[in-house]
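Structure at a glance
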Amino acid sequence: MNHWIIKYRLAIILAFTGITILSLFLLPKLTVNPDLDSYVPEYFENKRYIKELDSNFGGSEMILLMLEAPDVVNTSTLTRLQVLSEELADLEGIDRVVSPFEVQDISTQDGFIVMDPLLDSIPESQAGLDLLKSKIAASKMASQFFAEEDFSLVSLMLIKNSDIPNKQLIQSIYSVTIAHPGSEEVLLGGMPYVRYSINRNINKVLAVLLPVSLCLMILMLFAAFREWKGVLMPFTVVVMSLIISFGVMALLGWQISLITVLLPIMLIAIANDYGIHMIARYQELAQGDRQLSMIEISRQIYRDLKRPIMVTGLTTIAGIMGLLTHTLVPASQIGVLAGLGIAIALMLSIWFIPAMLSYFEPVRFKKSSKGKRLLSVDRWLNQASRWVTTYPKRVMIIASLVGILGIGGIFLIRVDTNIEGYFLGKSKVARGIELINTKLGGSQFMSILFTGDVLSPDLLKRMESYEEVLREDPAVGNVSSPLTLVKELSKGFYYPGEEGYGEIPETENEVYQFLEIFSMGGNEETVEQFVDYYYENSRLLVSLKDASNDEGKRLLKKMQEMTKDDPDVKYIAGPTLTKIALAEMVI
(Lines give C-alpha, C1' and ligand atoms only; values in the text may rest on other atoms or scores of the structure.)
Protein backbone atom coordinates (compact mmCIF):
# COMPACT_ATOMS: atom_id res chain seq x y z
CA MET A 1 0.00 0.00 0.00
CA ASN A 2 2.82 2.46 0.90
CA HIS A 3 4.51 4.14 -2.05
CA TRP A 4 8.34 4.14 -2.00
CA ILE A 5 8.35 7.90 -1.33
CA ILE A 6 6.50 7.16 1.92
CA LYS A 7 8.35 3.95 2.70
CA TYR A 8 11.79 5.56 2.44
CA ARG A 9 10.84 9.09 3.43
CA LEU A 10 13.18 9.22 6.44
CA ALA A 11 16.11 7.99 4.37
CA ILE A 12 15.35 10.59 1.67
CA ILE A 13 15.24 13.41 4.23
CA LEU A 14 18.43 12.30 5.99
CA ALA A 15 20.34 11.79 2.72
CA PHE A 16 19.63 15.28 1.36
CA THR A 17 20.19 16.86 4.78
CA GLY A 18 23.53 15.06 5.15
CA ILE A 19 24.71 16.17 1.70
CA THR A 20 23.74 19.76 2.53
CA ILE A 21 25.61 19.72 5.85
CA LEU A 22 28.75 18.31 4.20
CA SER A 23 28.54 21.02 1.52
CA LEU A 24 28.17 23.64 4.23
CA PHE A 25 31.57 22.69 5.67
CA LEU A 26 33.16 23.27 2.24
CA LEU A 27 31.93 26.87 1.89
CA PRO A 28 34.80 28.50 3.88
CA LYS A 29 37.18 27.25 1.16
CA LEU A 30 35.57 29.51 -1.44
CA THR A 31 37.61 32.46 -2.69
CA VAL A 32 36.75 35.43 -4.89
CA ASN A 33 38.66 36.29 -8.07
CA PRO A 34 37.32 39.44 -9.76
CA ASP A 35 40.07 39.46 -12.41
CA LEU A 36 38.40 38.24 -15.58
CA ASP A 37 41.74 38.51 -17.42
CA SER A 38 42.98 35.48 -15.49
CA TYR A 39 40.23 33.38 -17.08
CA VAL A 40 41.30 34.20 -20.64
CA PRO A 41 42.74 31.08 -22.32
CA GLU A 42 46.53 30.95 -22.59
CA TYR A 43 46.41 30.64 -26.37
CA PHE A 44 45.17 34.23 -26.73
CA GLU A 45 47.93 36.21 -28.46
CA ASN A 46 47.49 39.36 -26.38
CA LYS A 47 47.94 37.40 -23.17
CA ARG A 48 51.28 36.03 -24.44
CA TYR A 49 52.32 39.49 -25.60
CA ILE A 50 51.63 41.02 -22.17
CA LYS A 51 53.82 38.39 -20.52
CA GLU A 52 56.60 39.21 -22.98
CA LEU A 53 56.24 42.94 -22.27
CA ASP A 54 56.39 42.32 -18.53
CA SER A 55 59.48 40.17 -19.00
CA ASN A 56 61.27 42.85 -21.04
CA PHE A 57 60.18 46.02 -19.27
CA GLY A 58 59.00 44.97 -15.81
CA GLY A 59 55.57 44.32 -14.36
CA SER A 60 52.57 46.21 -15.66
CA GLU A 61 50.51 45.90 -12.46
CA MET A 62 50.45 49.35 -10.90
CA ILE A 63 48.66 50.96 -7.95
CA LEU A 64 48.42 54.75 -7.92
CA LEU A 65 48.44 56.53 -4.58
CA MET A 66 47.11 60.07 -4.88
CA LEU A 67 47.06 63.03 -2.52
CA GLU A 68 44.34 65.58 -3.27
CA ALA A 69 44.33 69.14 -1.93
CA PRO A 70 43.60 72.65 -3.26
CA ASP A 71 47.33 73.00 -4.00
CA VAL A 72 49.63 69.99 -3.51
CA VAL A 73 52.83 71.95 -4.28
CA ASN A 74 53.37 73.03 -0.70
CA THR A 75 55.93 72.08 1.91
CA SER A 76 53.76 69.85 4.10
CA THR A 77 52.16 67.88 1.24
CA LEU A 78 55.46 67.25 -0.54
CA THR A 79 57.10 66.23 2.73
CA ARG A 80 54.30 63.80 3.44
CA LEU A 81 54.56 62.44 -0.12
CA GLN A 82 58.30 61.88 0.29
CA VAL A 83 57.83 60.01 3.57
CA LEU A 84 55.08 57.86 2.05
CA SER A 85 57.31 57.11 -0.93
CA GLU A 86 60.14 55.92 1.29
CA GLU A 87 57.89 53.87 3.59
CA LEU A 88 55.94 52.23 0.75
CA ALA A 89 59.14 51.21 -1.05
CA ASP A 90 59.90 48.91 1.92
CA LEU A 91 56.56 47.11 1.79
CA GLU A 92 56.51 43.44 0.83
CA GLY A 93 54.72 43.19 -2.50
CA ILE A 94 55.96 46.46 -4.00
CA ASP A 95 58.82 46.02 -6.44
CA ARG A 96 59.35 49.72 -6.98
CA VAL A 97 57.91 53.13 -6.17
CA VAL A 98 57.99 55.55 -9.09
CA SER A 99 57.72 59.06 -7.69
CA PRO A 100 58.36 62.67 -8.69
CA PHE A 101 61.39 62.56 -6.36
CA GLU A 102 63.15 60.35 -8.92
CA VAL A 103 62.75 62.88 -11.73
CA GLN A 104 66.03 64.45 -12.76
CA ASP A 105 66.54 68.12 -13.58
CA ILE A 106 68.98 67.80 -16.47
CA SER A 107 71.21 70.66 -17.65
CA THR A 108 74.72 71.33 -18.84
CA GLN A 109 77.35 73.38 -17.06
CA ASP A 110 80.81 74.11 -18.41
CA GLY A 111 80.34 71.39 -21.02
CA PHE A 112 79.40 68.73 -18.49
CA ILE A 113 76.00 67.08 -17.97
CA VAL A 114 74.43 67.86 -14.59
CA MET A 115 71.66 65.67 -13.22
CA ASP A 116 70.05 66.79 -9.98
CA PRO A 117 66.75 65.53 -8.57
CA LEU A 118 64.02 67.98 -9.44
CA LEU A 119 62.81 67.72 -5.85
CA ASP A 120 66.26 67.48 -4.27
CA SER A 121 65.05 69.80 -1.53
CA ILE A 122 61.50 70.85 -0.78
CA PRO A 123 61.14 74.65 -0.88
CA GLU A 124 59.72 76.42 2.14
CA SER A 125 59.14 79.85 0.62
CA GLN A 126 56.31 80.69 -1.74
CA ALA A 127 58.79 81.93 -4.35
CA GLY A 128 60.59 78.60 -4.22
CA LEU A 129 57.30 76.69 -4.58
CA ASP A 130 56.28 78.83 -7.55
CA LEU A 131 59.63 78.14 -9.21
CA LEU A 132 59.14 74.43 -8.57
CA LYS A 133 55.73 74.55 -10.28
CA SER A 134 57.29 76.06 -13.38
CA LYS A 135 59.97 73.33 -13.42
CA ILE A 136 57.32 70.62 -13.07
CA ALA A 137 55.29 72.08 -15.93
CA ALA A 138 58.40 72.22 -18.13
CA SER A 139 59.41 68.60 -17.45
CA LYS A 140 57.57 65.83 -19.27
CA MET A 141 58.95 63.32 -16.78
CA ALA A 142 57.65 65.25 -13.76
CA SER A 143 54.33 66.48 -15.09
CA GLN A 144 52.91 62.93 -15.32
CA PHE A 145 52.75 62.84 -11.50
CA PHE A 146 50.79 66.09 -11.10
CA ALA A 147 47.49 67.57 -12.22
CA GLU A 148 49.12 70.35 -14.23
CA GLU A 149 45.98 72.48 -14.68
CA ASP A 150 45.58 73.38 -11.01
CA PHE A 151 48.13 71.26 -9.10
CA SER A 152 45.31 69.79 -7.03
CA LEU A 153 46.65 66.24 -7.29
CA VAL A 154 49.98 64.45 -6.96
CA SER A 155 50.62 60.73 -7.27
CA LEU A 156 52.99 57.86 -6.61
CA MET A 157 53.15 54.83 -8.91
CA LEU A 158 53.54 51.59 -6.96
CA ILE A 159 54.73 48.72 -9.14
CA LYS A 160 53.13 45.61 -7.67
CA ASN A 161 54.66 42.18 -7.24
CA SER A 162 52.25 39.66 -8.76
CA ASP A 163 52.98 37.11 -5.99
CA ILE A 164 51.32 39.20 -3.26
CA PRO A 165 47.49 39.18 -2.97
CA ASN A 166 45.82 42.54 -3.65
CA LYS A 167 44.01 42.53 -0.31
CA GLN A 168 47.19 42.06 1.74
CA LEU A 169 49.10 44.74 -0.14
CA ILE A 170 46.34 47.37 -0.15
CA GLN A 171 45.70 46.93 3.55
CA SER A 172 49.44 47.45 4.12
CA ILE A 173 49.34 50.62 2.01
CA TYR A 174 46.42 51.94 4.05
CA SER A 175 48.37 51.21 7.25
CA VAL A 176 51.26 53.33 6.01
CA THR A 177 49.00 56.26 5.04
CA ILE A 178 47.26 56.13 8.43
CA ALA A 179 50.64 56.18 10.19
CA HIS A 180 51.51 59.41 8.35
CA PRO A 181 48.37 61.56 8.46
CA GLY A 182 47.91 64.91 6.75
CA SER A 183 45.31 67.38 5.57
CA GLU A 184 45.24 65.88 2.05
CA GLU A 185 42.74 63.23 1.06
CA VAL A 186 44.35 59.91 0.16
CA LEU A 187 42.92 58.05 -2.82
CA LEU A 188 44.02 54.84 -4.50
CA GLY A 189 43.61 53.74 -8.09
CA GLY A 190 44.87 51.29 -10.69
CA MET A 191 43.61 47.87 -11.70
CA PRO A 192 44.84 45.95 -8.61
CA TYR A 193 42.89 48.38 -6.41
CA VAL A 194 39.83 48.17 -8.66
CA ARG A 195 39.91 44.36 -8.45
CA TYR A 196 40.31 44.55 -4.67
CA SER A 197 37.26 46.82 -4.50
CA ILE A 198 35.24 44.47 -6.71
CA ASN A 199 36.24 41.61 -4.43
CA ARG A 200 34.88 43.51 -1.43
CA ASN A 201 31.71 44.40 -3.30
CA ILE A 202 31.12 40.78 -4.30
CA ASN A 203 31.35 39.78 -0.65
CA LYS A 204 28.89 42.55 0.23
CA VAL A 205 26.53 41.45 -2.52
CA LEU A 206 26.56 37.88 -1.23
CA ALA A 207 26.14 39.10 2.35
CA VAL A 208 23.33 41.60 1.65
CA LEU A 209 21.62 40.86 -1.65
CA LEU A 210 21.24 37.13 -1.03
CA PRO A 211 19.42 37.50 2.33
CA VAL A 212 17.25 40.29 0.87
CA SER A 213 16.32 38.07 -2.09
CA LEU A 214 15.46 35.18 0.23
CA CYS A 215 13.34 37.46 2.42
CA LEU A 216 11.42 38.70 -0.62
CA MET A 217 10.87 35.09 -1.67
CA ILE A 218 9.50 34.28 1.80
CA LEU A 219 7.05 37.20 1.60
CA MET A 220 5.85 36.17 -1.85
CA LEU A 221 5.40 32.56 -0.79
CA PHE A 222 3.44 33.56 2.29
CA ALA A 223 1.25 35.91 0.27
CA ALA A 224 0.49 33.09 -2.16
CA PHE A 225 -0.03 30.12 0.19
CA ARG A 226 -0.83 31.64 3.62
CA GLU A 227 0.61 28.68 5.56
CA TRP A 228 4.04 27.89 6.91
CA LYS A 229 4.49 24.71 4.84
CA GLY A 230 3.94 26.74 1.69
CA VAL A 231 6.81 28.99 2.75
CA LEU A 232 9.17 26.48 4.34
CA MET A 233 9.24 23.80 1.62
CA PRO A 234 10.16 25.92 -1.46
CA PHE A 235 12.47 28.04 0.70
CA THR A 236 14.28 24.92 1.94
CA VAL A 237 14.66 23.66 -1.63
CA VAL A 238 16.33 26.92 -2.72
CA VAL A 239 18.66 27.14 0.27
CA MET A 240 19.76 23.51 0.02
CA SER A 241 20.34 23.88 -3.74
CA LEU A 242 22.47 26.97 -3.15
CA ILE A 243 24.55 25.34 -0.42
CA ILE A 244 25.18 22.17 -2.43
CA SER A 245 26.05 24.12 -5.60
CA PHE A 246 28.56 26.35 -3.79
CA GLY A 247 29.89 23.31 -1.95
CA VAL A 248 30.64 21.64 -5.29
CA MET A 249 32.28 24.88 -6.46
CA ALA A 250 34.59 24.78 -3.43
CA LEU A 251 35.23 21.05 -3.92
CA LEU A 252 36.33 21.63 -7.52
CA GLY A 253 38.58 24.52 -6.48
CA TRP A 254 36.68 27.06 -8.59
CA GLN A 255 36.61 30.70 -7.56
CA ILE A 256 33.72 33.15 -7.38
CA SER A 257 34.03 35.57 -10.30
CA LEU A 258 32.03 38.51 -11.65
CA ILE A 259 30.01 35.97 -13.63
CA THR A 260 29.52 33.15 -11.10
CA VAL A 261 28.34 35.68 -8.50
CA LEU A 262 25.04 35.59 -10.43
CA LEU A 263 24.51 31.94 -9.45
CA PRO A 264 22.49 32.62 -6.25
CA ILE A 265 20.06 34.92 -8.07
CA MET A 266 19.65 32.41 -10.90
CA LEU A 267 18.85 29.59 -8.49
CA ILE A 268 16.46 31.72 -6.43
CA ALA A 269 14.63 32.59 -9.65
CA ILE A 270 14.54 29.02 -11.02
CA ALA A 271 14.90 26.52 -8.18
CA ASN A 272 11.77 27.50 -6.24
CA ASP A 273 9.41 26.99 -9.21
CA TYR A 274 9.15 23.22 -8.82
CA GLY A 275 8.49 23.42 -5.09
CA ILE A 276 5.75 26.00 -5.70
CA HIS A 277 4.00 23.59 -8.10
CA MET A 278 4.16 20.84 -5.47
CA ILE A 279 2.72 23.05 -2.72
CA ALA A 280 0.00 24.41 -5.01
CA ARG A 281 -1.07 20.85 -5.86
CA TYR A 282 -0.98 19.88 -2.19
CA GLN A 283 -3.36 22.74 -1.32
CA GLU A 284 -5.69 21.82 -4.18
CA LEU A 285 -5.94 18.23 -2.94
CA ALA A 286 -6.29 19.29 0.71
CA GLN A 287 -9.21 21.61 -0.12
CA GLY A 288 -10.80 19.31 -2.71
CA ASP A 289 -11.16 16.10 -0.72
CA ARG A 290 -11.09 16.68 3.02
CA GLN A 291 -10.96 12.94 3.69
CA LEU A 292 -7.50 12.53 2.23
CA SER A 293 -4.68 12.03 4.73
CA MET A 294 -1.35 13.80 4.36
CA ILE A 295 0.36 10.55 3.37
CA GLU A 296 -2.18 10.07 0.59
CA ILE A 297 -1.77 13.68 -0.53
CA SER A 298 2.02 13.36 -0.56
CA ARG A 299 1.82 10.22 -2.66
CA GLN A 300 -0.67 11.83 -5.03
CA ILE A 301 1.28 15.04 -5.66
CA TYR A 302 4.35 12.94 -6.50
CA ARG A 303 2.35 10.89 -9.02
CA ASP A 304 0.64 13.92 -10.54
CA LEU A 305 3.68 16.20 -10.94
CA LYS A 306 6.81 14.06 -11.21
CA ARG A 307 6.65 13.81 -14.99
CA PRO A 308 5.87 17.44 -15.91
CA ILE A 309 8.35 18.77 -13.35
CA MET A 310 11.09 16.40 -14.53
CA VAL A 311 10.53 17.35 -18.17
CA THR A 312 10.54 21.05 -17.28
CA GLY A 313 13.65 20.72 -15.14
CA LEU A 314 15.61 18.65 -17.66
CA THR A 315 14.74 21.11 -20.42
CA THR A 316 16.01 23.99 -18.29
CA ILE A 317 19.20 22.09 -17.44
CA ALA A 318 19.81 21.33 -21.12
CA GLY A 319 19.52 25.03 -21.96
CA ILE A 320 21.81 26.11 -19.11
CA MET A 321 24.41 23.49 -19.99
CA GLY A 322 24.79 25.15 -23.37
CA LEU A 323 27.17 27.50 -21.54
CA LEU A 324 29.69 24.64 -21.48
CA THR A 325 30.60 25.55 -25.05
CA HIS A 326 31.60 29.08 -23.97
CA THR A 327 35.29 29.95 -24.28
CA LEU A 328 35.27 32.05 -21.10
CA VAL A 329 35.93 29.74 -18.15
CA PRO A 330 33.53 31.35 -15.59
CA ALA A 331 30.68 31.15 -18.13
CA SER A 332 31.29 27.41 -18.49
CA GLN A 333 31.51 27.07 -14.71
CA ILE A 334 28.21 28.83 -14.10
CA GLY A 335 26.65 26.49 -16.68
CA VAL A 336 27.82 23.47 -14.69
CA LEU A 337 26.87 24.91 -11.29
CA ALA A 338 23.49 26.29 -12.35
CA GLY A 339 22.67 22.99 -14.07
CA LEU A 340 23.67 21.11 -10.92
CA GLY A 341 21.66 23.47 -8.71
CA ILE A 342 18.55 23.03 -10.84
CA ALA A 343 19.02 19.24 -10.81
CA ILE A 344 19.28 19.30 -7.00
CA ALA A 345 16.17 21.52 -6.79
CA LEU A 346 14.36 19.11 -9.11
CA MET A 347 15.17 16.09 -6.92
CA LEU A 348 14.36 17.96 -3.72
CA SER A 349 11.01 19.08 -5.11
CA ILE A 350 9.75 15.70 -6.31
CA TRP A 351 11.26 13.57 -3.51
CA PHE A 352 12.18 15.70 -0.49
CA ILE A 353 9.02 17.84 -0.36
CA PRO A 354 6.53 14.89 -0.47
CA ALA A 355 8.65 13.05 2.10
CA MET A 356 8.61 16.07 4.42
CA LEU A 357 4.92 16.82 3.88
CA SER A 358 3.97 13.27 4.85
CA TYR A 359 4.98 13.98 8.46
CA PHE A 360 2.53 16.89 8.87
CA GLU A 361 -1.20 17.41 8.89
CA PRO A 362 -2.91 19.17 5.96
CA VAL A 363 -4.23 22.66 6.49
CA ARG A 364 -7.93 22.99 5.63
CA PHE A 365 -8.90 26.58 4.97
CA LYS A 366 -12.31 27.72 6.07
CA LYS A 367 -14.66 28.83 3.33
CA SER A 368 -14.69 32.41 4.57
CA SER A 369 -10.93 32.52 4.52
CA LYS A 370 -10.87 30.95 1.08
CA GLY A 371 -13.32 33.54 -0.15
CA LYS A 372 -10.97 36.29 0.94
CA ARG A 373 -8.17 34.63 -0.97
CA LEU A 374 -10.32 34.52 -4.08
CA LEU A 375 -10.73 38.27 -3.84
CA SER A 376 -6.97 38.67 -4.30
CA VAL A 377 -4.69 36.25 -6.14
CA ASP A 378 -7.18 33.62 -7.30
CA ARG A 379 -9.74 36.18 -8.42
CA TRP A 380 -7.13 38.05 -10.47
CA LEU A 381 -5.98 34.80 -12.07
CA ASN A 382 -9.56 33.83 -12.92
CA GLN A 383 -10.16 37.20 -14.57
CA ALA A 384 -6.91 36.94 -16.52
CA SER A 385 -7.74 33.45 -17.76
CA ARG A 386 -11.21 34.57 -18.91
CA TRP A 387 -9.71 37.54 -20.78
CA VAL A 388 -7.16 35.28 -22.52
CA THR A 389 -9.80 32.81 -23.68
CA THR A 390 -12.24 35.55 -24.69
CA TYR A 391 -9.78 37.63 -26.73
CA PRO A 392 -7.16 35.18 -28.04
CA LYS A 393 -6.31 37.29 -31.12
CA ARG A 394 -5.55 40.35 -29.03
CA VAL A 395 -3.33 38.28 -26.79
CA MET A 396 -1.44 36.94 -29.80
CA ILE A 397 -1.00 40.41 -31.34
CA ILE A 398 0.21 41.96 -28.08
CA ALA A 399 2.60 39.06 -27.45
CA SER A 400 3.96 39.32 -31.00
CA LEU A 401 4.54 43.08 -30.70
CA VAL A 402 6.36 42.64 -27.40
CA GLY A 403 8.45 39.88 -28.97
CA ILE A 404 9.37 42.05 -31.96
CA LEU A 405 10.36 44.93 -29.67
CA GLY A 406 12.51 42.54 -27.66
CA ILE A 407 14.24 41.21 -30.78
CA GLY A 408 14.92 44.77 -31.92
CA GLY A 409 16.44 45.59 -28.55
CA ILE A 410 18.96 42.77 -28.95
CA PHE A 411 20.79 44.80 -31.60
CA LEU A 412 21.16 47.69 -29.14
CA ILE A 413 23.01 45.59 -26.56
CA ARG A 414 26.63 46.63 -26.10
CA VAL A 415 29.22 44.66 -24.18
CA ASP A 416 31.76 46.61 -22.14
CA THR A 417 34.26 44.62 -20.08
CA ASN A 418 36.07 47.70 -18.76
CA ILE A 419 35.65 47.09 -15.03
CA GLU A 420 36.41 50.73 -14.24
CA GLY A 421 32.88 51.48 -15.42
CA TYR A 422 31.34 49.18 -12.81
CA PHE A 423 31.60 51.84 -10.09
CA LEU A 424 29.03 54.60 -9.90
CA GLY A 425 28.23 57.47 -7.56
CA LYS A 426 30.62 59.27 -5.25
CA SER A 427 32.47 56.32 -3.78
CA LYS A 428 36.22 56.65 -3.28
CA VAL A 429 36.82 54.06 -5.98
CA ALA A 430 34.76 56.00 -8.54
CA ARG A 431 36.41 59.29 -7.56
CA GLY A 432 39.87 57.76 -7.82
CA ILE A 433 39.12 56.40 -11.30
CA GLU A 434 37.73 59.75 -12.41
CA LEU A 435 40.75 61.70 -11.12
CA ILE A 436 43.21 59.31 -12.75
CA ASN A 437 41.42 59.46 -16.11
CA THR A 438 40.82 63.22 -16.15
CA LYS A 439 43.95 64.58 -14.44
CA LEU A 440 46.66 61.93 -14.65
CA GLY A 441 46.05 60.49 -18.10
CA GLY A 442 44.54 57.13 -17.11
CA SER A 443 45.82 53.89 -15.57
CA GLN A 444 45.17 51.46 -18.44
CA PHE A 445 47.76 51.07 -21.14
CA MET A 446 48.48 49.89 -24.65
CA SER A 447 52.02 49.33 -25.94
CA ILE A 448 53.58 49.31 -29.39
CA LEU A 449 56.61 47.00 -29.31
CA PHE A 450 59.56 47.77 -31.58
CA THR A 451 62.37 45.30 -32.26
CA GLY A 452 65.70 45.52 -34.02
CA ASP A 453 67.79 48.67 -34.15
CA VAL A 454 65.74 50.42 -31.46
CA LEU A 455 68.22 53.27 -30.85
CA SER A 456 68.26 54.28 -34.48
CA PRO A 457 67.44 57.99 -35.01
CA ASP A 458 65.18 56.94 -37.91
CA LEU A 459 63.14 54.73 -35.58
CA LEU A 460 63.00 57.47 -32.93
CA LYS A 461 61.72 59.92 -35.54
CA ARG A 462 58.95 57.46 -36.48
CA MET A 463 58.10 57.16 -32.79
CA GLU A 464 57.92 60.94 -32.64
CA SER A 465 55.43 61.03 -35.50
CA TYR A 466 53.33 58.33 -33.82
CA GLU A 467 53.37 60.27 -30.55
CA GLU A 468 52.19 63.44 -32.28
CA VAL A 469 49.22 61.61 -33.82
CA LEU A 470 48.31 59.81 -30.59
CA ARG A 471 48.50 62.91 -28.40
CA GLU A 472 45.75 64.47 -30.49
CA ASP A 473 43.40 61.55 -29.82
CA PRO A 474 40.72 62.36 -27.19
CA ALA A 475 40.95 58.88 -25.63
CA VAL A 476 44.71 59.12 -25.06
CA GLY A 477 46.18 60.48 -21.84
CA ASN A 478 49.96 60.22 -21.74
CA VAL A 479 52.35 58.91 -24.39
CA SER A 480 55.85 57.82 -23.29
CA SER A 481 58.75 56.19 -25.10
CA PRO A 482 62.57 56.22 -25.25
CA LEU A 483 62.10 59.41 -27.23
CA THR A 484 60.88 61.17 -24.06
CA LEU A 485 64.08 60.23 -22.25
CA VAL A 486 66.39 61.04 -25.14
CA LYS A 487 64.96 64.53 -25.64
CA GLU A 488 65.22 65.28 -21.93
CA LEU A 489 68.79 63.96 -21.81
CA SER A 490 69.84 66.13 -24.74
CA LYS A 491 69.38 69.11 -22.43
CA GLY A 492 72.44 67.89 -20.53
CA PHE A 493 74.61 67.97 -23.64
CA TYR A 494 73.46 71.17 -25.32
CA TYR A 495 72.62 74.66 -24.13
CA PRO A 496 69.14 76.17 -24.64
CA GLY A 497 68.86 77.51 -28.16
CA GLU A 498 71.76 75.39 -29.38
CA GLU A 499 71.10 72.88 -32.17
CA GLY A 500 70.38 69.48 -30.63
CA TYR A 501 68.79 70.86 -27.44
CA GLY A 502 65.54 68.93 -26.82
CA GLU A 503 65.98 67.11 -30.14
CA ILE A 504 66.74 63.60 -31.41
CA PRO A 505 70.51 63.03 -31.81
CA GLU A 506 71.91 62.55 -35.29
CA THR A 507 73.61 59.19 -34.64
CA GLU A 508 72.73 55.95 -32.91
CA ASN A 509 75.96 56.06 -30.95
CA GLU A 510 74.97 59.41 -29.44
CA VAL A 511 71.59 58.00 -28.36
CA TYR A 512 73.39 55.06 -26.76
CA GLN A 513 75.72 57.40 -24.86
CA PHE A 514 72.80 59.45 -23.57
CA LEU A 515 71.09 56.38 -22.12
CA GLU A 516 74.26 54.85 -20.71
CA ILE A 517 75.23 58.04 -18.89
CA PHE A 518 71.70 58.36 -17.51
CA SER A 519 71.72 54.71 -16.38
CA MET A 520 75.08 55.10 -14.65
CA GLY A 521 73.53 57.93 -12.66
CA GLY A 522 71.33 55.36 -10.89
CA ASN A 523 68.42 55.54 -13.33
CA GLU A 524 68.56 52.04 -14.84
CA GLU A 525 64.97 51.25 -13.89
CA THR A 526 63.71 54.42 -15.59
CA VAL A 527 65.46 53.43 -18.83
CA GLU A 528 64.24 49.82 -18.59
CA GLN A 529 60.63 50.97 -18.62
CA PHE A 530 61.09 51.67 -22.33
CA VAL A 531 64.21 49.83 -23.55
CA ASP A 532 65.26 46.32 -22.56
CA TYR A 533 68.66 45.49 -21.12
CA TYR A 534 70.24 44.46 -24.45
CA TYR A 535 68.75 47.36 -26.44
CA GLU A 536 66.90 44.89 -28.67
CA ASN A 537 63.34 45.93 -27.84
CA SER A 538 61.68 49.22 -27.04
CA ARG A 539 58.12 50.32 -26.60
CA LEU A 540 55.83 53.26 -26.98
CA LEU A 541 53.51 53.31 -23.97
CA VAL A 542 50.05 54.87 -24.31
CA SER A 543 47.77 55.51 -21.32
CA LEU A 544 44.03 55.75 -21.92
CA LYS A 545 41.68 58.33 -20.44
CA ASP A 546 38.77 56.33 -21.86
CA ALA A 547 39.36 52.57 -21.79
CA SER A 548 35.87 51.53 -22.89
CA ASN A 549 35.66 48.73 -25.44
CA ASP A 550 34.48 51.02 -28.24
CA GLU A 551 37.32 53.48 -27.71
CA GLY A 552 39.82 50.66 -27.30
CA LYS A 553 38.79 49.10 -30.62
CA ARG A 554 38.91 52.44 -32.39
CA LEU A 555 42.33 53.29 -30.99
CA LEU A 556 43.70 49.84 -31.83
CA LYS A 557 42.54 50.19 -35.42
CA LYS A 558 44.12 53.64 -35.58
CA MET A 559 47.44 52.36 -34.23
CA GLN A 560 47.43 49.39 -36.59
CA GLU A 561 46.77 51.62 -39.57
CA MET A 562 49.42 54.08 -38.42
CA THR A 563 52.16 51.45 -38.03
CA LYS A 564 51.21 48.95 -40.77
CA ASP A 565 54.23 49.83 -42.96
CA ASP A 566 56.74 50.05 -40.11
CA PRO A 567 59.12 47.06 -40.36
CA ASP A 568 60.27 47.46 -36.75
CA VAL A 569 56.81 47.12 -35.16
CA LYS A 570 56.35 43.61 -33.79
CA TYR A 571 52.90 43.92 -32.22
CA ILE A 572 50.46 46.10 -30.31
CA ALA A 573 49.34 44.74 -26.93
CA GLY A 574 47.94 45.70 -23.56
CA PRO A 575 45.37 44.83 -20.90
CA THR A 576 42.76 46.89 -22.74
CA LEU A 577 42.96 44.50 -25.69
CA THR A 578 42.33 41.55 -23.35
CA LYS A 579 39.08 43.20 -22.28
CA ILE A 580 38.09 43.65 -25.93
CA ALA A 581 38.77 39.94 -26.47
CA LEU A 582 36.61 39.17 -23.42
CA ALA A 583 33.75 41.19 -24.90
CA GLU A 584 33.99 39.26 -28.15
CA MET A 585 33.97 36.01 -26.18
CA VAL A 586 30.81 37.11 -24.36
CA ILE A 587 29.08 37.81 -27.67
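Residues numbered from 1 in each chain as written. Predicted model: local features only at pLDDT ≥ 70, side-chain atom pairs only at ≥ 80, totals over all residues. Heavy atoms only, no water.

On to the environment of Pro474, then. For Pro474, the position within the fold is in the loop between helix H16 (457–471) and strand S8 (476–480). Among the residues examined, Pro474 registers a relative accessible area of 63% and is labelled exposed. Sequence separation between Pro474 and Asp546 is 72 residues, and the spatial gap between their C-alpha atoms is 8.3 Å. (Helix = DSSP H or I, 4+ residues; strand = E, 2+ residues; numbered from the N terminus. Buried < 20%, exposed > 50% of the residue type's maximum accessible area, 1.4 Å probe, protein only.)

A separate point is the environment of Leu206. Note on placement: Leu206 falls in helix H8 (residues 191–225). Through-space distance from the C-alpha of Leu206 to that of Val261 is 7.8 Å; in sequence the pair is 55 residues apart. Among residues more than four places away in sequence, those in contact with Leu206 are Pro211, Ile256, Val261 and Pro264. (Contact = heavy atoms within 4.5 Å.)

Our focus in this paragraph is the pairing of strand S3 (residues 104–109). In S3, alternate side chains face the same way, and those of Gln104, Ile106 and Thr108 are buried while those of Asp105, Ser107 and Gln109 on the opposite face are not. Of the pairings in the sheet, the one linking S3 to strand S4 (residues 112–117) comprises 6 bridges and is antiparallel in character. Residue Gln104 lies in a different strand from S4, and its bridge partner there is Pro117. (Pairing = 2+ DSSP bridges.)

Right, let's get into a nonpolar patch on the surface. On the surface, a cluster of nonpolar side chains totalling about 450 Å² of accessible area is made up of Trp387, Val388, Tyr391, Ile398 and Val402. Listing elements by their share of the nonpolar patch, those giving two or more residues are helix H13 (367–390) and helix H14 (392–410). Here Tyr391 lies in the loop between H13 and H14. What makes Tyr391 partly exposed here is its relative accessible area of 33%. (Patch = residues over 30% accessible without salt bridge, like charges linked within 9 Å, V, L, I, M, F, W, Y side chains within 5 Å. Areas by Shrake-Rupley, 256 points an atom, 1.4 Å probe, with all protein chains shown as cover. Salt bridge = Lys/Arg side-chain N within 4 Å of Asp/Glu carboxyl O.)

Now for the pattern of salt bridges. Per the counting criterion, the structure on display carries 19 salt bridges. A salt bridge links Asp71 to Lys133; its shortest N-O distance comes to 2.7 Å. Linking Asp71 in the loop between strand S1 (62–68) and helix H4 (75–89) with Lys133 in helix H5 (residues 126–138), this pair joins segments that are 62 residues apart in sequence. With a shortest N-O distance of 3.1 Å, Glu284 and Arg281 are connected by a salt bridge. Within this pair, Glu284 and its partner Arg281 are both found in helix H10 (residues 263–288), separated by 3 residues, close to a single helical turn. Overall, Arg281 belongs to the partly exposed group, its relative accessible area being 25%. Taken together, the shared-partner salt bridges in this structure form one network comprising Asp473, Glu551, Arg554 and Lys558.

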